[in-house]
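Below, each chain spelled out in residue letters.
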Amino acid sequence: MNTSSNSVSPMRWVRGLTFAAISVLIFSGWFVATRFTVTHQQLSIWDLTALRFGAGAVLLAPVLFKQRLPAKAWLEGLLYAVLWGAPFTLLVATGLKLTTAAQASSMVPALMPVLAGLLGWLATKQRPAGSTIWCYLAILFGLIALVISRPGVDGGNDPLGYGALVLAALTWAVYSVRFRSSRLSALQSAALICFWSAVIFVPVYVGWNLSRLSQASPQEIVFQLVYQGVLMSGVALFAYNRAIALLGAGAAAAMMALVPVLATLLAVPVLGETPSLLGVAAIAVIAIGVAFAARRPRPVLVLETASKAH
């Protein structure tokens, strides 16, 4: 059973932050690795999606078939796959194609916790604390500044691209809020997302002859197979789900706003993209917003809440 974020113990909070940090590191590298692959190598985003969920489905298949999941769990997994599986990846890919990798890595993870907070507000009818709202505003303004600091290449600021990125952030936020009350474990959810994504996407990928695997080197294929199929579909999904279970959807989602920070820093040595002064300032604002949004609630608040409940 999931517990409220207000009752997070110190050890639980540390474990949650550790899982969130693992997920953040892998997601940050994903944007940079994907950008590098589609601009410097032979594999397309279709290949990356197929490798990600095809390999992930095979890797995590034992999780699904060692125990008999009820039909309701499979349907819940299908919903999760729509929200954070192949469709999410393709939405981000559209954003990468029509804007830039820097803008995509900024918009989706930084906007997601703001949307998750608004969805939680609408669902519970409870207004977030004033400090939380200020944290979300800091993240939002930092996001805007970071996007402005990295203008599109050759006029590539396409409204359709931004729309795809906003929709990707929204589906991720809905998933984060829904999974908080899920009866599925972190590993079961990751396995179902990979399974349904593979069932939906791989037949289209094969049937429409979207593969460019024959044009890529074995080293490139192996690297992406490990990164997309093992790290992204297995480790990152599991780690993020555990972070939600331990920290709550709000704090776990807020931690993901660090992805554009790390992605921008990784892009310097890997892609040769150096942020402007405005970009550095935006990174600092986002980091501050994340630090406060993900902080552990003070014990006194827990006692006050408990006393009111009695």
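Coordinates for the structure precede this section.
Keep in mind that this is a model prediction, so the values were computed, not measured.

## Brief notes about the packing of helix H1 (residues 10-40) against helix H11 (residues 259-271)
Alright, step 1. In the contact formed by H1 and H11, the axes pass within 8 Å of each other and the chain directions differ by 45°. By the angle class used here, H1 and H11 are oblique. As for the relative orientation of H1 and H11, their crossing is right-handed in sense. Contacts between H1 and H11 involve Val-24, Leu-25, Phe-27, Ser-28, Gly-29, Phe-31, Val-32, Arg-35 and Phe-36 from the former and Val-259, Leu-262, Ala-263, Leu-266, Ala-267, Val-270 and Leu-271 from the latter.
Alright, step 2. Class assignment of the residues belonging to the contact of H1 with H11 gives a composition of 13 nonpolar, two polar and one charged.

## A short note on the packing of aromatic side chains
Alright, step 1. Applying the stated criterion across every chain, the model contains 20 aromatic pairs.
Alright, step 2. Taking the centre distance of 5.2 Å and the plane angle of 75° together, the rings of Trp-74 and Phe-195 count as edge-to-face. Of this pair, Trp-74 sits in helix H3 (residues 71-84) while Phe-195 is found in helix H8 (residues 186-207), placing the two residues 121 residues apart along the sequence.
Alright, step 3. Ring geometry for Phe-88 versus Trp-172: centroids 5.6 Å apart, planes at 70°, classification edge-to-face. Of this pair, Phe-88 sits in helix H4 (residues 86-98) while Trp-172 sits in helix H7 (residues 159-179), and the two are 84 residues apart along the sequence. Each member of the pair, Phe-88 as well as Trp-172, is classed as buried.
Alright, step 4. Cluster of aromatic residues (ring-pair linked, three or more members): Phe-27, Tyr-80, Trp-84, Phe-88, Trp-172, Tyr-175, Phe-179 and Tyr-240.
Alright, step 5. Here Arg-52 stacks its cationic end above the ring of Trp-30, 5.5 Å away from the centre of that ring.

Rules of the game
Residues numbered from 1 in each chain as written. Predicted model: local features only at pLDDT ≥ 70, side-chain atom pairs only at ≥ 80, totals over all residues. Heavy atoms only, no water. Axes fitted to C-alpha atoms, helices over the stretch in contact; angles between N-to-C directions. Helix = DSSP H or I, 4+ residues; strand = E, 2+ residues; numbered from the N terminus. Parallel < 35°, antiparallel > 145°, perpendicular 65-115°, else oblique. Left-handed = near helix turned anticlockwise from the far one by under 90°. Contact = heavy atoms within 4.5 Å. Nonpolar A, V, L, I, M, F, W, Y, C, P; charged D, E, K, R; others polar. Phe/Tyr/Trp six-rings, centres within 6.5 Å; stacked < 30°, edge-to-face > 60°. Buried < 20%, exposed > 50% of the residue type's maximum accessible area, 1.4 Å probe, protein only. Lys NZ or Arg CZ within 6 Å of the ring centre and 35° of its normal.

Remember, this is a structural readout, not a statement about activity or role.
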